[in-house]
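# Structure assessment
Take a look at the letters that make up each chain.
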Amino acid sequence: MADSQLYELHASICQTLANPKRLEVIDRLRDGEQSVTELAEAMKISQANLSQHLAVMRQKGIVATRREGLNVHYRLSNPKIIKACDLMRQVLLEHLEAGAELARG
């Protein structure tokens with residue numbers, strides 16, 4: 001794969017993750033799979049709204065599904081997604097702390 005293709009793919013995934021609700025989905029799935037109903041209740045959003053987010057995430061390969069009767073269960077497709085999000089969160093917290101220290105001066 002050429003570097004330019006990899007950059008395009010990377011940007012596409014980052015764009016998909018550039019949504020607070022999608023980041024919350026990742027956080028809620030860190031301990032294992034959950035049904036759409038469980039996720040919607042925990043996140044306090046409609047199942048229709050959640051389903052739209054999950055469809056985008058599934059298309060990009062971020063989440064995978066398992067059907068059980070009428071219920072669809074979602075899980076993260078790769079545990080490294082959690083590591084990537086946690087690492088970015090640490091960078092942001094360090095950035096915020098540095099800004100606060102400058103403000104205290």
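Residues numbered from 1 in each chain as written. Predicted model: local features only at pLDDT ≥ 70, side-chain atom pairs only at ≥ 80, totals over all residues. Heavy atoms only, no water.

### Here's the deal with the sheet that holds strand β1 (residues 34-35)
Rules: Two strands pair if DSSP finds at least two bridges between them. A helix here means a DSSP run of H or I that spans at least four residues, while a strand means a run of E at least two residues long, and both kinds are numbered starting from the N terminus.
Read from one edge to the other, the open sheet built from three strands follows the order β1-β3-β2, with strand pairing classed as antiparallel. Strands with a single pairing partner mark the edges of an open sheet, and in this sheet they are β1 and β2 (63-68). Bridge analysis of β1 against strand β3 (residues 71-76) gives two bridges, and the strand direction is antiparallel. Within β3, the position partnered with S35 by the bridge is H73.

### Thoughts on the pattern of salt bridges
Note the following rule: Any Lys or Arg side-chain nitrogen found within 4 Å of a carboxyl oxygen on Asp or Glu counts as a salt bridge. For the exposure calls, accessible area comes from a 1.4 Å probe over protein chains only, and a residue counts as buried if that area is under 20% of its type's maximum, exposed if over 50%, partly exposed in between.
Scanning the entire structure with this criterion turns up six salt bridges. One salt bridge in this structure joins E33 and R66, with 2.2 Å as the shortest N-O distance. Of this pair, E33 sits in the loop between α2 (20-28) and β1 while R66 sits in strand β2, and the two are 33 residues apart along the sequence. E68 is the partner of R66 in a salt bridge, and the nearest nitrogen-oxygen pair spans 2.9 Å. Overall, the relative accessible area of 43% leaves E68 in the partly exposed class. The structure contains a network of salt bridges with shared partners spanning K21, E24 and R28.

### Notes on the nonpolar core
For clarity, the cut-off: Note on terminology: a nonpolar core comprises buried Ala, Val, Leu, Ile, Met, Phe, Trp, Tyr and Cys residues joined through side-chain atoms within 4.5 Å.
Core analysis: the largest hydrophobic core is formed by 20 residues, its most contacted members being I26 and L50. At the level of elements, α2, α3 (36-43), α4 (47-59), β3 and α5 (80-104) are the ones that each hand at least two residues to this core.

### Quick word on the environment of I81
This is how it is decided: Any pair of residues with heavy atoms lying within 4.5 Å of one another is described as a contacting pair.
Take I81: it is sitting in helix α5. According to the relative accessible area criterion, I81 is buried, its value standing at 17%. Along the primary structure I81 and D27 are separated by 54 residues, whereas in three dimensions their C-alpha atoms are 9.9 Å apart. When neighbours within four sequence positions are excluded, I81 is seen to be in contact with I26 and I62.

### Looking at the packing of α2 against α3
Pairs of packed helices are described in terms of their axes, by the angle between the two and the distance that separates them. The condition that has to hold: Axis definition: a line fitted to C-alpha atoms, limited for helices to the stretch in contact. Angles are taken between N-to-C directions and run from 0 to 180 degrees. In this scheme the crossing of two helices becomes right-handed for a clockwise turn of the near helix relative to the far one and left-handed for an anticlockwise turn of less than a right angle. Just so you know the grouping, Ala, Val, Leu, Ile, Met, Phe, Trp, Tyr, Cys and Pro go in nonpolar, Asp, Glu, Lys and Arg go in charged, and all remaining residues, Gly too, go in polar.
It is the contact of α2 with α3, at a shortest axis distance of 11 Å, that shows an interaxial angle of 115°. As for how α2 packs across α3, the hand of that crossing is right-handed. Across from K21, E24, V25 and R28 in α2, the residues of α3 making contact are L39, A42 and M43. Across the contact of α2 with α3, the residue classes break down as four nonpolar, no polar and three charged.

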